[in-house]
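Inside the fold
Read off the chains here:
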Amino acid sequence: NSDYRSSGINAEYLSQVRNSVNQEIHKAIGFTHLVRLLKKHKKPIVGHNLFMDLLFVYEKFHESLPESFEEFKQSLHEDFPIVFDTRHIISNMKVELRKDEKYKDFFRGTSLLSLFGECNAHRVRSLLYQPKIEDNLEEACGMREHNAGYDSCLVGHVFIRLAHFYTMWKNNSPSVRPFHFQDYVREFSEFKNCLNLIRSALTHVSLTEPDPENIRPQWLIVTNRCKSNINTEHVKHILSAFGDVNTRPINNHSCLVALPSVGMAAGLLVEMKNHPQYYVSRYEGDSGSVALWLTASIVGISALLFGAYVLRKHL
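What follows is about the sheet that holds strand E5 (residues 219–224). Taken together, the four strands give an open sheet; going across it, the order is E6-E7-E5-E8, and neighbouring strands pair in antiparallel fashion. Two strands in the sheet have a free side with no partner beyond their single neighbour: strand E6 (246–251) and strand E8 (278–282). Neighbour-to-neighbour, the strand axes of the sheet open up by a mean angle of 30°, direction not taken into account. The strands that helix H11 (residues 232–239) touches are E5, E6, strand E7 (254–258) and E8; relative to E6, the one it contacts most, it runs at about 140°. Most of the contacts of helix H12 (residues 262–271) go to E8, to which it runs at about 145°, and overall it touches E5 and E8.

This part covers the layout of surface pockets. Take a probe with the size of a water molecule and roll it over the atoms, and the empty space left behind shows itself. Roughly 1300 Å³ of internal volume is contained in the largest pocket. The wall of the largest pocket is formed by 43 residues, among which Val 46, Gly 47, His 48, Asp 53 and Val 155 lie closest to the centre. Counting only elements with at least two residues in the lining of the largest pocket, the list comes to helix H3 (32–41), strand E1 (45–47), helix H4 (51–61), helix H7 (112–119) and helix H9 (148–170). The leading source of residues in the lining of the largest pocket is H9, at eight residues. Every residue lining the second largest pocket is counted, 23 residues in all, and those nearest its centre are Ser 91, Val 95, Thr 203, Pro 260 and Ser 261. Breaking the lining of the second largest pocket down by element, the ones donating at least two residues are helix H6 (86–97) and H12. Examining the composition of the lining of the second largest pocket, we find that six residues originate from one element, H6, more than from any other.

This part takes up the packing of aromatic side chains. One pair of aromatic rings is described through two measures. These are the centre distance and the angle between the planes. Following the criterion strictly, the structure yields 19 aromatic pairs and no others. Residues Tyr 166 and Trp 169 carry aromatic rings whose centres are separated by 6.0 Å and whose planes lie at 45° to one another, so their mutual orientation is tilted. Taken together, the residues Tyr 166 and Trp 169, both in helix H9 and three residues apart, mark about one turn of the helix. The exposure class assigned to Tyr 166 is buried, which follows from its relative accessible area of 1%. Summarising the aromatic geometry, the rings of Phe 179 and Tyr 184 are spaced 6.2 Å apart at their centres and angled 55° between planes, so their arrangement reads as tilted. By way of ring pairs, the aromatic residues Phe 84, Phe 159, Tyr 166, Trp 169, Phe 181, Phe 188 and Phe 191 are connected into one cluster.

What counts as what
Residues numbered from 1 in each chain as written. Predicted model: local features only at pLDDT ≥ 70, side-chain atom pairs only at ≥ 80, totals over all residues. Heavy atoms only, no water. Pairing = 2+ DSSP bridges. Helix = DSSP H or I, 4+ residues; strand = E, 2+ residues; numbered from the N terminus. Axes fitted to C-alpha atoms, helices over the stretch in contact; angles between N-to-C directions. Contact = heavy atoms within 4.5 Å. 1 Å grid on protein atoms, 1.4 Å probe; cavity = no way out; pocket = protein on both sides within 12 Å on 5 of 7 lines; lining within 4 Å. Points joined across faces, edges and corners; volume = space filled by probe spheres on them. Phe/Tyr/Trp six-rings, centres within 6.5 Å; stacked < 30°, edge-to-face > 60°. Buried < 20%, exposed > 50% of the residue type's maximum accessible area, 1.4 Å probe, protein only.

Right, here's the structure in full:
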C-alpha cells in the first residue's frame, strides 16, 4: 500500500481496473464456460443431427481436434459420456413402431420442426403422466427454425416427448407409474452415443462401439401412373415427408430415388402403395450406373465430412 501511495496510484482504483479486466476475460471466454460445466458435471448432451455440431463445439470451445477420428470419438466420450441424437432415435423408433398396428402411423417426419409438431399433437400429449415442460417459446415467437436458441428448445421438447412416449410404450402395463428422467435415459440406452449421418453409406457412427457396416442406400423407382412427364422436384417434395431423399430421372415418366436406410424404403413402399399419381417399386434394372451415382453421392458426403474435419483442425 505504501508503494501505491508513493507512486500516486490509488489501491481502490487498481482493484477496480483488475476487476474490470477479469470481467472482460470472463466475457471473452463466453460459451466455453457452459462447455466446461457440461464436462465437469457429465450432463447428457442432446441434439438433432448433431454430428457436425459436436465437431464444431469440440474444436471451437473445448480443445483442438485430435489427429484421427477414432481419437476424437474416444476423447469426446470421455468428456461427455452421454450423448443423444433425436434424429437417430426417431429413425429407429419408427422401425419398431411399424410393427405395432396402433402406433405405426405415428411420427411420419424426421425433421426437427416436423417432430416438434407431432410431439405436441394431442395423441402424443394425451399419454398418461405426460411431463410438464415450461419454456418461453411463446415469447420467442419471432424466432425461426435454425436459430440456435430456438432449435435447442425444440430439441429439448422433442427428446422429452419421445422419451416419455417410448418408455410408456415399452412399459405398457396396469402398474405403470410416473417416470423420472433417469428412467428415460435408461430406456433410451440402445440409442445412446449414436450420431446420425445424412445420406451416407453409414446410417450412424457410434462413440463407444465399432461403427455399423457400410450399407449402400436403398433405391426405388417412381413412375407416373398416367405416363406423362414426371416432375422429380414434385416427387422429392412428396417423399420428403418420410425423410431425406435424392432423385434422378431415368426417362420421361420415371425417376430413381436414393434413400438413407432400408427401414425407410420399406415404410415408403407401404405408404405409397395406393398413391393416386405415382407408382413406387424397388429398382430391378441395371445397377451399374445407379451404383456409380449412389457411390458418387456417398463419396461426396464423406469427402465433405472429412474436409470439414480437416479444415476445422487446421484453420
